[in-house]
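Below, each chain spelled out in residue letters.
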Amino acid sequence: MSIQTVGIIGAGTMGNGIAQVCAQAGIGVVMIDINEAAVAKGVATIAGSLDRLIKKDKLTAGQKDAALALIKGSTNYEDLHAAQFVIEAATENEALKIRILNQLDTLLAPEVIVATNTSSISITQLAATTKRADRFIGMHFFNPVPMMALVEIIRGLQTSDETHDRVKDLAQRLGKSPITVRNAPGFVVNRILIPMINEAFFVFAEGLATPEDIDAGMKLGCNQPIGPLALADMIGLDVCLAVMDVYFKEFSDSKYRPCPLLKEYVAAGRLGRKTGRGVYTY
């Protein structure tokens, strides 16, 4: 079954980014969120992103209009009936994701593949809560989705070869470079990245250097395009903490202990760019 329409659950940072790349690839999108304001904000974010591409001469006004015409925002899950493929891109909360997946099971045809954009939760565990475990997979995009080439395709224990191959083909159709990953906490990239960010918080907490010097050191010494603390602010400190909590729980290894300063920043509501203040002020 050819994928002509993709359903996306969540119009936030990841959801609207995925919607944008699908629409730019000529694929229809139904983007679902809990209220009209969230949907409108997601569509507006896409329009702004496309405008920036126009200013950089990477897109024409006509291409922008064509992409936006392919995106339907909605608060009604019934609108997903047209989708041949659905990506769950809700908040990184296991209980919430399971509720969404159970709801999708009641709405979607049995042959529809469902993917999750989770950055840390077990694909095997989520698949086991669905009625389509062999047609369930992880499809982990990276932020900002329109700019980042990588997609991790994560196979749960139950994922069929056909499902994997179709999702890999879709990722390539979106202009992405997929890698195939076995199911494990954090998969590959975040398994390496988030503990590095956590260690940068320990270095900051111990007063070894200022945030600016920590980030400059990693940029200049390791050729990273952005320092780990600035990156944490971009990702969201709450997301970084949630991922570290998953590692600490799943591996039962003290090397994954979240830095107390990271926990304190999250408790204070200093979550990064999205709240205007994290390690840095925006």
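Remember, it's a predicted structure, so these values are computed and weren't measured experimentally.

Caption draft 1: Quick peek at the overall build of the protein. A count of helices and strands for the protein gives eleven helices and eight strands. Against the compact-globule benchmark of 19 Å for 282 residues, the protein has a radius of gyration of 19 Å, which places it among compact chains. With the principal axes as the frame, the protein shows a C-alpha extent of 55 × 45 × 35 Å. Split into buried and exposed, the 282 residues of the protein put 48% on the buried side. Taking the intrachain contacts of the protein between residues at least 6 apart in sequence as the baseline, contacts between residues at least 24 apart amount to 66%. A total of about 13,000 Å² of accessible surface is found on the protein, and carbon and sulfur atoms cover 54% of it.

Caption draft 2: Up close: the nonpolar core. Counting 34 residues, the largest nonpolar core has Val-6, Ile-18, Phe-85, Ile-87, Met-139 and Phe-141 as the members making the most contacts within it. Among the elements that line this core, the one with the most residues is helix H1 (residues 13–24), at six residues. Contacts of Phe-141, omitting those with residues within four sequence positions, involve Met-14, Ile-18, Ile-87, Asn-117, Leu-150, Val-151 and Leu-174.

Caption draft 3: Looking closely at the domain arrangement of the protein. Per the domain assignment, the segments of the protein are domain 1 (5–182) and domain 2 (190–274). Taking only C-alpha atoms, the centre of domain 1 and the centre of domain 2 are 27 Å apart. Opposite the five residues of domain 1 that make contact, domain 2 presents four residues. Of the roughly 510 Å² buried where domain 1 meets domain 2, counting both sides, 53% is carbon and sulfur surface. Area buried by domain 1 at its contact with domain 2 is led by Ser-119, Ser-120 and Asn-143, which between them contribute 59% of it. Applying the counting rule to domain 1 against domain 2 returns zero salt bridges. Of the residues assigned to the side of domain 1 that touches domain 2, the class counts are one nonpolar, four polar and no charged.

Caption draft 4: Structural view of the sheet that holds strand E4 (residues 85–88). An order of E3-E2-E1-E4-E5-E6-E7-E8 is seen for the eight strands of this open sheet, with the pairing classed as mixed. Among the strands making up the open sheet, the edge pair consists of strand E3 (71–74) and strand E8 (177–182). This sheet shows a mean twist of 25° between the axes of neighbouring strands, independent of strand direction. Summarising the sheet, strand E2 (residues 28–32) and E3 pair through four bridges and their orientation is parallel. Across the sheet, the residue bridging to Val-29 is Ile-71, located in E3.

Caption draft 5: Region of interest: the packing of helix H2 (residues 36–55) against helix H3 (residues 61–69). One way to put it is that H2 packs onto H3 with a least axis distance of 10 Å and a crossing angle of 160°. Here H2 is positioned roughly antiparallel relative to H3, judged by the angle of their axes. In this structure, the crossing between H2 and H3 has a hand that is right-handed. Across the interface between the two elements, Ile-46, Ala-47, Leu-50, Asp-51 and Ile-54 from H2 touch Ala-61, Lys-64, Ala-67 and Leu-68 from H3. Of the residues that constitute the contact of H2 with H3, the class distribution is seven nonpolar, no polar and two charged.

Caption draft 6: Structural view of the side chain of Ser-119. In this structure, Ser-119 sits in the loop between strand E5 (113–116) and helix H5 (123–127). For Ser-119, a relative accessible area of 10% translates into the label buried. Setting aside anything within four residues of it in sequence, one finds Ser-119 in contact with Glu-92, His-140, Gly-186, Phe-187, Asn-190 and Val-243.

Caption draft 7: Layout of unusual backbone geometry. In the segment running from Asn-143 into Pro-144, the intervening peptide bond is cis, with an omega of 0°. Located in the positive-phi region is Asp-57, a residue other than glycine, with phi close to 60°. Mapped onto the fold, Asp-57 is located in the loop between H2 and H3. In this model, Ser-252 sits at a positive phi of 50°, which is unusual for a non-glycine residue. Tracing the backbone shows Ser-252 in the loop between helix H10 (237–251) and helix H11 (260–267). Given a relative accessible area of 64%, Ser-252 falls into the exposed group.

How each quantity is defined
- Residues numbered from 1 in each chain as written.
- Predicted model: local features only at pLDDT ≥ 70, side-chain atom pairs only at ≥ 80, totals over all residues.
- Heavy atoms only, no water.
- Helix = DSSP H or I, 4+ residues; strand = E, 2+ residues; numbered from the N terminus.
- Rg over C-alpha atoms; globule rule 2.2 N^0.38 Å.
- Buried < 20%, exposed > 50% of the residue type's maximum accessible area, 1.4 Å probe, protein only.
- Contact = heavy atoms within 4.5 Å.
- Areas by Shrake-Rupley, 256 points an atom, 1.4 Å probe, with all protein chains shown as cover.
- Core = buried A, V, L, I, M, F, W, Y, C linked by side-chain atoms within 4.5 Å.
- Domains from an automatic or database assignment.
- Buried area = accessible area lost by both parts, 1.4 Å probe.
- Salt bridge = Lys/Arg side-chain N within 4 Å of Asp/Glu carboxyl O.
- Nonpolar A, V, L, I, M, F, W, Y, C, P; charged D, E, K, R; others polar.
- Pairing = 2+ DSSP bridges.
- Axes fitted to C-alpha atoms, helices over the stretch in contact; angles between N-to-C directions.
- Parallel < 35°, antiparallel > 145°, perpendicular 65-115°, else oblique.
- Left-handed = near helix turned anticlockwise from the far one by under 90°.

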